[in-house]
Each structure stands twice: as C-alpha cells, then as structure tokens.
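An overview of the molecular structure
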Amino acid sequence: MAKTQLNVRVDEDTARAARERAVARGMSVNRYIEELVKQDTGEVGHTFVEAAADFMKQYESVFAEEFGPEREGRVGAGKVKEGRAGRTSEGRR
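Residues numbered from 1 in each chain as written. Predicted model: local features only at pLDDT ≥ 70, side-chain atom pairs only at ≥ 80, totals over all residues. Heavy atoms only, no water.

So, the environment of Tyr-32
- Position of Tyr-32 among the secondary structure elements: in helix H2 (residues 29–41).
- According to the relative accessible area criterion, Tyr-32 is buried, its value standing at 11%.
- Along the backbone, Tyr-32 and Ala-22 are ten residues apart, and their C-alpha atoms lie at a distance of 5.5 Å.
- Discounting residues that sit within four places of it in the chain, Tyr-32 has contacts with Ala-18, Arg-21, Ala-22, Arg-25 and Met-27. (Helix = DSSP H or I, 4+ residues; strand = E, 2+ residues; numbered from the N terminus. Buried < 20%, exposed > 50% of the residue type's maximum accessible area, 1.4 Å probe, protein only. Contact = heavy atoms within 4.5 Å.)

Written out as structure tokens, the structure is:
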C-alpha cells in the first residue's frame, strides 16, 4: 500500500510517551502510530476474526471428533446436560 505523510502536533508528554512505547515494542514511532490507528478502526481485529473463522472452518471436523457434541454445548437424545453447581437441566443434583 502506498504511504502518505501525515504531520501532527501533540504536546511534549504525548510525544515522549509515543517514543517510549514505540521503543518498548521495537518499532518506529511511525509504525506505532499506524498500528494504533489500525486497532482503533478495527482493521486488525477484523483480520483476526476472519483468520479465526477460516481456521475453525478448516478444522471443524477435527474439533467435533475430539470433543464430541457434548463439548459443543449440544445434548444428545435422552441425555441431561449438567449446569451450574452440578444441577441438571431439570434442577436435580
């Protein structure tokens, strides 16, 4: 993606904090600010959610085989799901 120069004015404390945070993360101030804006606009989160959805779709059968329907929150025919404090869905212990 093409880069555009953006000049901003901030107070000295904000500038110092940006420099310190960038150094602590091992990146330039430009990269640090760019990451903050991406996080704020949801681009990073959106990319993560898409990747997680693709992963789950790809390995859905593996998870189903490993953990079965009870682990997916579904109850099989004739089975009673146990809830909080060891109580069954009918309220029995």
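Things to note about a nonpolar patch on the surface
- A surface patch of nonpolar side chains, amounting to about 530 Å² of accessible area, comprises Phe-55, Met-56, Tyr-59, Val-62, Phe-63 and Phe-67.
- By the element assignment, Phe-55 lies in helix H3 (residues 43–71).
- Classification of Phe-55 as partly exposed rests on a relative accessible area of 41%. (Patch = residues over 30% accessible without salt bridge, like charges linked within 9 Å, V, L, I, M, F, W, Y side chains within 5 Å. Areas by Shrake-Rupley, 256 points an atom, 1.4 Å probe, with all protein chains shown as cover. Salt bridge = Lys/Arg side-chain N within 4 Å of Asp/Glu carboxyl O.)

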